[in-house]
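Observations on the three-dimensional arrangement
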Amino acid sequence: MEEEIKTNQQEYSANSIQVLEGLEAVRKRPSMYIGDISARGLHHLVNEVVDNSIDEALAGWCTDIDITILEGNSIRVKDNGRGIPTGMHEKEHRSALEVVLTVLHAGGKFSKDSYKVSGGLHGVGVSCVNALSDHLKAEVHREGKIFVQEYSKGKPLYDVKVVGDAEDTGTIITFHPDPEIFKMTTVYNYDTLADRFRELAYLNKGVRLNLRDERKAETAEGETPAEPRSDVFYSERGLGEFVDYLDANREKLTEKAIELSTDKVIPIEIAMQYNTGFTENVHSYVNNINTIEGGTHLSGFRRGLTTTLKNYAEKNGFLAKLKFEIDAADFREGLTAVISVKVAEPQFEGQTKTKLGNSEVMGLVSAATTVALEQYLEENPKDAKLIVEKVILAATARHAARKARELVQRKTVMSGAGLPGKLADCSSRDPEKCELFLVEGDSAGGTAKTGRDRNFQAILPLRGKILNVEKAMEHRAFESEEIKNIYTALGVSIGTPEDPKALNISKLRYHKIVLMTDADVDGRHINTLILTFFFRYMPDLIYNGYVYLATPPLYLVSKGKSSEYCWSDEERSAAVERLSGGKGESGVKVQRYKGLGEMSAEQLWDTTMDPSVRKLKKVLVENAAEADRIFSMLMGDDVPPRREFIEQNAKYANIDA
């Protein structure tokens, strides 16, 4: 034993310390640099390259960016900027192009002379893309010449060389993600890219982003050439058009959006529009980065909005007969707004770039909001009256909702009032290990309670379809028995020091919240209603990755003692072929599960609840603004856009008899 210890101590020497050179660190731990290696990380590669072109646009050198999905899922990004410098780097003794593409923390963004503002501030963007691609080609048009260099997994295949003459300037990056890194998928989703580039076009007015998909379409007969899918994203007004797009499915309170643009100290752009809805839909950005958690720019906007509107209402006697105080949240009900600031040296809280911390930005945004809003209210007295009346209506409804919220608070676990009667809790008290299944109906709930692992799985049956919160006032939501039970079971509370309506998840009892409903139209509708509730009232649960969808099987295919569960029609057909030995459905029994209640407790565990075999879908929000628009379209009052959406996507829908 002593010999073994001595040997191990000798092995841990200076030679045991690994030094990862160049881009090896990125390939070793890719998630540290791009978030993850799933579809989200795959699409992040494209964003990193496009962000470089956007930085050129912010510096005033680029107007057009072409993004093409090539055959085989390679990506080509072309811009008409200045082109990455190709001269010899003084310290590195090699081309600056090679330095930018192979050295972490290298780039013009660290020089204030090159870029005033930039989205990617760590200098790892395009070099990370290079490291995680099995092939990358950089083509630079600059100084009348065309420079080219190719790489494989971050290593140059040859020195930078001149291959011709150029009359234009710009950079063309073509890369293919390395399947050794992206093992889940290397297939790009057109809509995911389109959502991001639409957003970038609104945030950077005057920049044209052209997206084109040149992949072949897949049919039952195999691959066949198809008309390339393409979109052009361009905005002249910027954020004003962004707000119009977000509010397209809502009834507007005033005809035009209120727009503000100033660059006295830092560039600040704001657009806002009130609608007749009940939710606050405010999206904030710093250097084109979506700051989901807000920060000082959002706090400054809210302070300026509240102060200005309250002063106007008091000055014009609107609040004289009001018997209660107006709350800051009342000024934001039914408000859709986009705030975009460009900061030379932003300080983000944490590495996720989701909350701005620069204290000086709060005062600048607050002052800019006050000046613009005061002018608007004075010049548009009719609109001003409508907005103030909307605020008073919100305050009145809030008083009705406060009692309902307090009732929810009193019934939470923290208050010691106990858990909902229908909740079958688990024995573990470690939130990271605990799972809560929200199950459709008492029948399926009973089966799930019998089939679960009681150590870490809790079951909460829901009665029918919960309230559609998109069309209901806040107090209606808190009066709903099913919604109250969800709050109580989760152990979350309402209200933080910064925002009395914000969700406090510090006492969250489960870090996996699984929606388990029937695999039919009604089940999907229930899922959508619950997700709408989470997105509007508990978005932090989604942003933190706590919400999942269970995927119960659609079929059980059996012959004799052999059986297979199937989750799609394709799997069913393949199973029938296997079990019948290629003789069709001869002697094969196919059972279609219409609901969870048709499954035994053992079957439900084996297919849907057992962590070792189940298929859970994590609910993610890649683009908060686009998710906001989709929820308002699908769950709001405006029917024509919903009908159009269904008609366009009907081919993807599963219609149950």
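Thresholds, definitions, all that
- Residues numbered from 1 in each chain as written.
- Predicted model: local features only at pLDDT ≥ 70, side-chain atom pairs only at ≥ 80, totals over all residues.
- Heavy atoms only, no water.
- Helix = DSSP H or I, 4+ residues; strand = E, 2+ residues; numbered from the N terminus.
- Buried < 20%, exposed > 50% of the residue type's maximum accessible area, 1.4 Å probe, protein only.
- Contact = heavy atoms within 4.5 Å.
- Areas by Shrake-Rupley, 256 points an atom, 1.4 Å probe, with all protein chains shown as cover.
- Expected span 1.5 Å × (residues − 1).
- Phe/Tyr/Trp six-rings, centres within 6.5 Å; stacked < 30°, edge-to-face > 60°.
- Lys NZ or Arg CZ within 6 Å of the ring centre and 35° of its normal.
- pLDDT = per-residue confidence, 0-100.
- Pairing = 2+ DSSP bridges.

Topic: the overall build of the chain
Secondary structure assignment for the chain yields 20 helices and 26 strands. When the 657 residues of the chain are sorted by exposure, 51% land in the buried category. Within the chain, contacts between residues at least 6 apart in sequence are counted, and of these 68% link residues at least 24 apart. Approximately 32100 Å² of the chain is accessible, and the part contributed by carbon and sulfur atoms is 49%.

A closer look at helix H4 (residues 39-58)
For H4, built from 20 residues, the straight-helix expectation of 28 Å at 1.5 Å per residue is met to within 8% by its first-to-last C-alpha distance of 28 Å. Buried residues dominate H4, accounting for 15 of its 20 residues. Of the residues one or two after H4, Gly60 is the one with positive phi, at around 90°.

Regarding the packing of aromatic side chains
This structure, assessed with the given rule, holds nine aromatic pairs. Ring geometry for Phe478 versus Tyr487: centroids 5.7 Å apart, planes at 40°, classification tilted. Taking the relative accessible area as the measure of exposure, Phe478 reaches 2% and is therefore buried. Its relative accessible area of 1% is what places Tyr487 among the buried residues. Judged by centre distance (5.7 Å) and plane angle (25°), the ring pair of Phe533 and Tyr537 falls under stacked. Pair noted here: Phe533 and Tyr537 are both in helix H15 (residues 521-537), with a separation of four residues, about one helical turn. Of the two residues, Phe533 and Tyr537, both sit in the buried class. By way of ring pairs, the aromatic residues Phe478, Tyr487, Phe533, Phe534 and Tyr537 are connected into one cluster. Sitting over the face of the ring of Tyr555, Arg572 holds its NZ or CZ atom 5.0 Å from the ring centroid.

Here's the deal with the confidence of the model for the chain
Averaged over every residue, the pLDDT of the chain is 84; the share at 70 or more is 84%. Contacts of residues 413-417 to residues separated by more than four positions or lying in other chains number eleven contacts, the stretch itself having pLDDT below 50.

Here's the deal with the sheet that holds strand S15 (residues 289-290)
The strand order across the open sheet built from five strands is S12-S13-S16-S14-S15, with neighbouring strands paired in mixed fashion. Each end of this open sheet is capped by a strand with a single partner; those strands are strand S12 (258-262) and S15. When strand S13 (residues 268-274) meets strand S16 (residues 335-341), the two strands line up antiparallel, connected through seven bridges. Across the sheet, residue Glu269 finds its bridge partner in S16, namely Ser340.

A few points about the pairing of strand S21 (residues 512-516)
Look at any regular strand and the pattern is simple: side chains alternate between the two faces of the sheet. Burial analysis of S21 places four of its five residues in the buried class, the great majority of the element. Relative to S21, strand S17 (residues 435-440) is paired through five bridges, and the arrangement is parallel. Looking at the pairing, Val439 lines up with Met516 of S21. As paired elements, S21 and strand S22 (residues 547-550) share three bridges and run parallel to each other. Bridged to Leu515 within S22 is Leu549.

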